[in-house]
Amino acid sequence: MELLSGGEATIRALRDSGVKYLWGYPGGAALHIYDALFRQDDVKHILMRHEQGATHAADGYARATGEVGAVLVTSGPGATNAITGIATAYMDSIPLVVISGQVAQEKIGGDAFQETDMIGVSRPIVKHSFMIRRAEDVAETIAKAFYIARSGRPGPVVVDIPKDVTDPNYKVPYRYPDKIRIRSYQPSTKGHSGQIRRAVKVLLEARRPVIYAGGGIILGNAADQLTRLARQLNFPVTNTLMGLGGYPGSDRQFVGMLGMHGTFEANTAMHHADVILAVGVRFDDRVTNTPDRFCPGAQIIHIDVDPSSISKNVPADIPIVGACDAVLDEMIEQIETAGEGPDAAALAEWWQQIDEWRRRHGLYTAPRHEPSVGSLIKPQDAVRALYKVTEGKAYITSDVGQHQMFAAQYYLFDQPRQWFNSGGLGTMGYGLPAAMGVQMAFPGADVACVTGEGSIQMCIQELSACTQHQLPVKIINLNNQALGMVKQWQDMQYGSRYSQILYEDSLPDFVKLAEAYGHVGLRVEHIDELEDKLRECFSYKDRVVFVDIQVDPHEHVYPMHVAPGSMRDLWLSKTERT
Amino acid sequence: MRRIISVLLENEPGALSRVVGLFSQRGYNIDSLTVAPTEDATLSRMTLTTQGDDLTIEKITKQLHKLIDVVKVIDLTDGLHIERELMLVKVKASGDARAEVKRVVDIFRGQIIDVGPASYVIQLAGVSAKLDAFIEALGETAVLEVVRSGVSGIMRGERALRA
């Protein structure tokens, strides 16, 4: 058996866990590991400019590929800088393994230089964590970390490694385990057939059904099953922010995103539904509005791989614990065997009602916003132009704010793993590094980060890492000269008292900034040049392009839930509500 | 409603802090908590008491199950069970009070396990309400110190909580 040091075993175990790219940043406590990394070619390290960027990039890569993202950082500030990225991954159930260096064991607890209790600091935002105490345990612990990160409901796992464990002078036999078994961890896969039978009966008797599908569809690779089931039943489908692309966005049966900024037709259909099939969702407060007014007449069937998600916020009438793909497969089969469909007449009537809602206030039938005129570019039109120019085929990441909602509303995602955003934690700064991870997963593809002048500045240092690693992402900056979503809330709830959302002419010249990093910068100030500039942007195949689009600073995102209220209580514009 | 939850978990460093952290993170109360290794040294057994309606307890047990280190979780209050708590009480005992304290201890079937010139240490085991009642019964006797172990519990009959 080969003898390896703990540092070498760390890198070897990453390789044996399937890691191709390791996103990170070196430092004292991780130096033995970095030296082992230097002496091999299997695992490629991508040096970022900040540990937050490293975790978001690994997260973007994980979302794009379905594999586990891998991160390597040092102790202390390296570890704490990674925390925002770990929390982002935790809230969105993204599989990550984050390896953090730690001070030597003899120094732990002594407030040593760059010492932080990483296990303690990260505890509430990880699926699990390990501290490795002996070089002999490195391979097995890392193998376990990957198994836990990717199985069941995925999530981030931290592996904290004290420096003495990676000592290059202490070599131990290396053995990567063939199989991982953890007696206290057995995630469910197949759903309970009896429960599925009950659910199918309810689905076939439904008169006003809605399928409400979320991130679990994407994570569980169940988009295909969802589409087949929806077509088999002819039911309307709505996706959560995290589920976009889980059902084709341009399909007739898709009624748009639901929730706080969801479409009128999706939210209204949910409110009036008699049966809701909830798949891979968690009834987030940004979806339900006030929980006790949520969908008063609906029977709820809830499928999720995580039992603790079921009946957490809204009680489920028929809970089904299991992996989305396996449960939907069995559902499709049972419906086929039953040989009968739902009441066609009732469904026809339901569709007629939904189509009427669509015609009345739909986002896609008639624009809900004022038209762009001259130098007044509406951000919605910027996203629509992006959709048109990329023919709906680009991979889109976003940051957090109005631009995120406009992207979610107006870019119709037809494929899973085409849309990437920090849905749960709402992390500004996610978009650019995540786009780098996506670009690494799909070299040559068009990857665009739809962002705003606020969010982009939270991780803008990664423009430098884009150059170094030749990741030609496109940055579509909807620049409204203010923290737009906060401004919207201040308009609606605080009498337009704009507390700390303006920059007082301190914004950088983003074109020059991009050029300073060696990229192409384009500025769009007039609606007539919007499409041409976007076409120019995507014509640069090997360059990072920063498109700074000056958009209407007064625009709001609509629809918007009126809170407290039910799903159907919506502002449709600044003056109009349901 | 008061509930007694038994948890079997890996005897690993950090496992306890994950459980305790879960309760504070999710806003659940812990009234008492005891933990120690079992006859199988790789496992610890924890008993915790908390308050909550059925829905809250269901959420707590699901969240506990979700922790990787947790092997088994049961709500003892769901079925027939035995609960015990150990209490050590130091009281001032001099003059007439010595005999009076001794009488109360006998009534409660406690034991005096340390005798000082002017103090006793009393050991008493039982359900929590009995321990409360004992303190009450001591009346005017000066209680110097009370140490309670928190509740430990076990199911009646042959059913057992095992890995």
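Look up a bit, the structure's there.
What you see is a predicted model; the values in this text were computed from it and never measured.

Rules used throughout
Along every chain, residues carry numbers that run from 1 in the direction the sequence is written. Here every chain gets a letter starting at A, and every ligand a number starting at 1, in the order they are written. Predicted model: local features are reported for residues with pLDDT of at least 70 only, side-chain atom pairs are reported and counted for 80 or more only, and whole-chain, interface and lining totals are derived from all residues. Side-chain numbers come from the whole structure's heavy atoms, not from hydrogens or water. Secondary structure elements are defined from DSSP: runs of H or I of at least 4 residues count as helices, runs of E of at least 2 residues count as strands, and each element is numbered from the N terminus. Note on exposure labels: buried denotes an accessible area under 20% of the residue type's maximum, exposed denotes more than 50%, and partly exposed covers the range between, all computed with a 1.4 Å probe on protein chains only. Here, two residues are considered to be in contact whenever any of their heavy atoms come within 4.5 Å of each other. Every accessible area reported is derived by Shrake-Rupley at a probe size of 1.4 Å, with residue values counting cover from the shown protein chains alone. Just so you know, the count uses Lys and Arg for positive and Asp and Glu for negative, and it drops His and the chain ends. Taken as the charge location is NZ of Lys, CZ of Arg, CG of Asp or CD of Glu. Strand pairing is defined by DSSP finding a minimum of two bridges between the two strands. Where helices are involved, their axes are fitted lines through C-alpha atoms of the stretch in contact, as for all axes, and angles between N-to-C directions lie from 0 to 180°. Buried area adds together the accessible area that both of two parts lose upon being put together, with accessible area traced by a 1.4 Å probe. Salt bridges are counted wherever a side-chain nitrogen of Lys or Arg sits within 4 Å of a carboxyl oxygen of Asp or Glu. Contacts described as polar in this section are N or O atom pairs within 3.5 Å, which, within protein, must combine one atom able to donate a hydrogen with one able to accept it, while residues neighboring in sequence count only if both atoms come from side chains. Throughout this entry, Asp, Glu, Lys and Arg are counted as charged residues, while Ala, Val, Leu, Ile, Met, Phe, Trp, Tyr, Cys and Pro are counted as nonpolar. The remaining residues, Gly among them, count as polar. Patch members must show over 30% relative accessible area and no salt bridge, and they are joined within 9 Å when carrying like charges or within 5 Å when they are nonpolar side chains of Val, Leu, Ile, Met, Phe, Trp or Tyr. Between the first and last residue of a helix there are one fewer steps than residues, each counted as 1.5 Å, and that sum is the expected span.

1. Considering the overall build of chain B
In step 1: Check the secondary structure of chain B and you find 4 helices and 8 strands.
In step 2: Along the chain direction, N to C, the helices and strands of chain B fall in the order β-α-β-β-α-β-β-α-β-β-α-β.
In step 3: Here the C-alpha coordinates of chain B stretch approximately 55 × 35 × 35 Å along the principal axes.
In step 4: In chain B, which comprises 163 residues, the share counted as buried stands at 42%.
In step 5: Residue pairs in contact within chain B that sit at least 24 positions apart in sequence constitute 74% of those at least 6 positions apart.
In step 6: When the accessible surface of chain B is totalled, it reaches about 8,700 Å², and 52% of it is carbon and sulfur.
In step 7: Side-chain charges of chain B comprise 21 positive and 22 negative groups, with the mean position of each set lying 1 Å from the other.

2. Things to note about the sheet that holds strand β3 (residues 43-51) of chain B
Residues and elements named next belong to chain B.
In step 1: Strand order in the open sheet formed by 4 strands is β2-β3-β1-β4, with antiparallel pairing between adjacent strands. The open sheet has two edge strands with one neighbour each: β2 (32-37) and β4 (70-75). For this sheet the average axis-to-axis angle between neighbouring strands, irrespective of direction, equals 15°.
In step 2: With 6 bridges connecting them, β2 and β3 associate as antiparallel partners. From the neighbouring strand, Ala36 faces β3, where its bridge partner is Arg45.
In step 3: Lying on the sheet, helix α1 (residues 15-25) is in contact with β1 (2-10), β2 and β3; it crosses β3 at an angle near 15°.

3. Some words on the interface of chain A and chain B
Where the parts come together, the accessible area they lose is often given as the size of the interface.
In step 1: Between chain A and chain B, the residue contacts involve 18 residues of the former and 20 residues of the latter.
In step 2: A combined buried area of about 1,600 Å² lies between chain A and chain B, and 47% of that area is made up of carbon and sulfur atoms.
In step 3: Counting across the interface, chain A meets chain B through 2 salt bridges.
In step 4: Here Glu10 of chain B makes a salt bridge to Arg183 of chain A, at a shortest N to O gap of 2.7 Å.
In step 5: Summed over the shared surface of chain A and chain B, the result is 10 residue pairs in polar contact (both at pLDDT 80 or more).
In step 6: A per-class count over the side of chain A that touches chain B returns 7 nonpolar, 5 polar and 6 charged.

4. Regarding the sheet that holds strand β6 (residues 111-115) of chain B
Residues and elements named next belong to chain B.
In step 1: Strand order across the open sheet formed by 4 strands is β6-β7-β5-β8, with antiparallel pairing between neighbours. Unpaired on one side and paired on the other, β6 and β8 (143-155) mark the two borders of the sheet. Geometrically, the sheet is characterised by an average inter-axis angle of 15° between neighbouring strands, direction not taken into account.
In step 2: Here strand β5 (residues 81-92) pairs with β8 via 10 bridges, running antiparallel. Its bridge partner lying in β8, Lys90 is registered against Glu145.
In step 3: Strands in contact with helix α3 (residues 96-107) are β5, β6 and β7 (119-126); relative to β7, the strand with the most contacts, it is inclined by about 10°.

5. What about a nonpolar patch on the surface?
All names here are of chain B.
In step 1: A contiguous nonpolar surface patch, about 200 Å² in accessible area, is contributed by Leu16, Val20 and Val35.
In step 2: In this structure, Val20 sits in helix α1.
In step 3: The class of Val20 is partly exposed, set by a relative accessible area of 37%.

6. Concerning helix α12 (residues 324-338) of chain A
In an α-helix, one turn spans 3.6 residues, which is why side chains three or four residues apart end up on the same side.
Residues and elements named next belong to chain A.
In step 1: Compared with an ideal rise of 1.5 Å per residue, which puts 15 residues at 21 Å, α12 spans 21 Å between its outermost C-alpha atoms and is within 8% of the ideal.
In step 2: Contact partners of the buried residues in α12: α7 (193-205), α8 (215-219), α9 (223-233), β12 (275-279), β13 (299-304) and β14 (318-321).
In step 3: Gly339 lies just past α12 and shows a positive phi near 75°.

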